[in-house]
Amino acid sequence: VSQQHDRSAAHLPHSSADEDRASRVTKDTDAPLPHAPAIALAGHKIVETKDLYRLPVWVGRKVLYTVLPVPHLFRLARAKGRIVWFIPARRRRVLSRLERFFGETKDDADLRRIGQRHLEYIARRQLARVWPEIRGFSGHESCRVEGIEHLDAALAAGKGAILATMHFGYLGLIKPLLRARGYTVWFVGYTGTGRRVPRSTRLGLFVHTRLLRLPLVSRPELRSPDAGVFADLQAGINLRPLLAALNANDVLVVALDTSGHHARERPGSVRPIPVHGTNVLFAPGAMSMARTLDAPVLPTFVVDSNDGSAIGIRLEICPPLALRQSNRRREDLDTGLERFAAVFEAYLGKYPHLFHCDGAGTIAELRVGDRVKVKGRLGEDGIFVALAVKIRPAASGTRTRLRGAIERVDERSKVIRVLDRDIPVPAACRVADHTGKRISLGDVAVGRMLELTGTSPAQGRFVPSRIRLWPDDWDALEGTVQSVDANGRTFQVLGFTVATTEATKVKDRTGRVTRVGRSDDGE
Amino acid sequence: MTEAQIREKLRAFVVSTFLLEYGKDTVDPDEDLLNSGYIDSMAVMETVGFLEETLGVRVDDDDIVAENFRTLRAMTELVLTKRAGAPDVPERRGTPA
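Thresholds applied
- Residues numbered from 1 in each chain as written.
- Chains lettered and ligands numbered in written order.
- Predicted model: local features only at pLDDT ≥ 70, side-chain atom pairs only at ≥ 80, totals over all residues.
- Heavy atoms only, no water.
- Helix = DSSP H or I, 4+ residues; strand = E, 2+ residues; numbered from the N terminus.
- Buried < 20%, exposed > 50% of the residue type's maximum accessible area, 1.4 Å probe, protein only.
- Areas by Shrake-Rupley, 256 points an atom, 1.4 Å probe, with all protein chains shown as cover.
- Patch = residues over 30% accessible without salt bridge, like charges linked within 9 Å, V, L, I, M, F, W, Y side chains within 5 Å.
- Salt bridge = Lys/Arg side-chain N within 4 Å of Asp/Glu carboxyl O.
- Lys, Arg positive; Asp, Glu negative; His and termini not counted.
- Charge placed at Lys NZ, Arg CZ, Asp CG, Glu CD.
- Axes fitted to C-alpha atoms, helices over the stretch in contact; angles between N-to-C directions.
- Parallel < 35°, antiparallel > 145°, perpendicular 65-115°, else oblique.
- Contact = heavy atoms within 4.5 Å.
- Pairing = 2+ DSSP bridges.

**Comments concerning the overall build of chain B**
- Assigned secondary structure in chain B consists of 4 helices and 0 strands.
- Burial statistics for chain B: of 97 residues in total, 51% are counted as buried.
- Per element, the accessible surface of chain B, about 4500 Å² overall, is 49% carbon and sulfur.

**A word on a positive patch on the surface**
All names here are of chain A.
- Among the surface-exposed residues, Arg-61, Lys-80, Arg-90 and Arg-93 lie close enough to one another that they form a single positively charged patch.
- By the element assignment, Lys-80 lies in helix 3 (residues 70-85).
- A residue is classified by how much of its surface remains accessible, and Lys-80, at 44% relative accessible area, is partly exposed.

**Focus on the packing of helix 11 (residues 285-293) of chain A against helix 2 (residues 41-54) of chain B**
- In the contact formed by helix 11 of chain A and helix 2 of chain B, the axes pass within 8 Å of each other and the chain directions differ by 50°. Looking at the two axes, helix 11 of chain A sits oblique to helix 2 of chain B. Across the interface between the two elements, Gly-285, Ser-288, Met-289 and Thr-292 of chain A of helix 11 of chain A pack against Ser-41, Met-42 and Glu-46 of chain B of helix 2 of chain B.

**Brief notes about the pairing of strand 10 (residues 371-378) of chain A**
Residue and element names in this part refer to chain A.
- Sheet topology places strand 10 next to strand 11 (residues 384-392); 8 bridges connect them, and they run antiparallel. In the sheet register, Arg-377 faces strand 11, and the bridge partner there is Val-385.
- The antiparallel pairing of strand 10 with strand 11 creates a hairpin that spans 5 residues between the two strands, and Gly-382 there sits at a positive phi of about 85°.

**Quick word on the environment of Ala-322 of chain A**
All names here are of chain A.
- Topologically, Ala-322 is positioned in the loop between strand 9 (313-317) and helix 12 (329-350).
- Taking the relative accessible area as the measure of exposure, Ala-322 reaches 54% and is therefore exposed.
- When the C-alpha atoms of Ala-322 and Arg-339 are compared, they prove to be 8.1 Å apart, with 17 residues separating the residues in sequence.

**Remarks on the sheet that holds strand 2 (residues 161-165) of chain A**
All names here are of chain A.
- Spatially, 7 strands are ordered 1-9-8-2-5-3-4 in an open sheet, and the strand pairing comes out mixed. Two strands in the sheet have a free side with no partner beyond their single neighbour: strand 1 (144-146) and strand 4 (233-234).
- As paired strands, strand 8 (residues 297-304) and strand 9 are joined by 5 bridges and run antiparallel to one another. Residue pairing for strand 9: Thr-300 is matched across the bridge by Ile-317.
- In this fold helix 6 (residues 148-156) packs onto strand 1, strand 2, strand 5 (251-255), strand 8 and strand 9, with an angle of close to 140° to the strand it touches most, strand 2.

Below is the structure:
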């Protein structure tokens, strides 16, 4: 494997730290999968009523995974998707989302056809996520891989390869399908674990994980590292492990549509590029690596296949993108991303039902009186910078919530400081840890994340009725919109001024039909 | 090397490597270079290489976080912190090719 550095990579760190990081990633694709890493279960219930139906479902699933050939499992999944289409609420929701994205480009009949296939795809995708863990990825050889010669040619140059993809199709199968064919592939994404405490009881976790040894995709903190969507290498600002992988002539799989974490760290660096007339946010990191190291970028997608194969899924690797190399970094990256977006647009046109549509909306949709959930970070200037906003109908409830790190506790006067606000805690307020176990205010250490649920009269102070420790590290607000400045892209909720950026993901659950990014164009 | 000298070396590197293409030949010490899009993750790695090779500091993985590379001032503070906590390592003369 060539370890030579490109001229333009002269400044790149290549110390023993690179190898250290690389060695932390196992190179043995045949290594047994680590199952069920240790997690803290302190405080978990031993058993609860829901176990009465959870456990039989898991046993049934285990039986199916054990005895049924994988093609039959995929047929069952498709049938499940077809049944879901007849659930009016699900059908309306998927059609609403598709209409947001495809809008004027598709008529009603097209949208219904796409919607039906989309629900089949959702069910098949759920199965595809756990498939690598079913009987040693049984049946993977029946999946065709097209364009493998492009990958071989790219690797022959010794600079590794970046398989650029999107949250589209069976993204999670790229890594396992290629690993099963002997390639060393790393999925780049958010590697964080333990973000959520497992909801199952101790009995449930024992049965699911230890006894039945079911695939763990449904629990991010427990799933196997070989699960397709599980990231091996952290996406973010530290590219050392990624560069080490490319230097080792390995293959990186990178979804170029931005993650929330990227947007949180560097909201100004994401690139909005129109796809079918809708702005999609792209992260430039992979293109930037490719530009500096002269590594090839190959658009890659796993799509439905109508070639009569048993499972009906195909991996397609496109020829490397022609990347621009000039002394203008930004323009080079933008050109690369635009070329990738053009390839993606063609795939989206061919397989519209494989789109991960998520109900995107815009800040322009907000109305005073709407209810919103906002996730982000309170800045030192007192402005709450939103990473994600969920808009809900005004009638969706009256719940008011704050989440943030506790800055001060005054147990004597029963006042806590969260999100730069002094909040009096009534005597009736229940304080609990993340499992629901009651604790006293004095047990809460400064710096811990708290969720406060309560009420907030129109102009009054927020009054919590319930406080609990919260495992996530996001600040969050939930309440009613008090004012909106669509031009300034800000709004007020719970007395906080919330600022949105191009990177803010806005999800609209109200059913209003809108398009991403149009508000800025005055449309 | 004084704080001012470190900042000047960093300023010269950042301007010549990342900002000139935008027609910028000055940079405020508190200007957010990440959020503005002038510096991306690869540019951060190039800056890390510059810090290690030219300023003689060892940048650990834990140091490569947005907060340390957001502004010229943050980068300078990172160098000062690393120098304060590490044995003297002579910096190289000039900028590597």
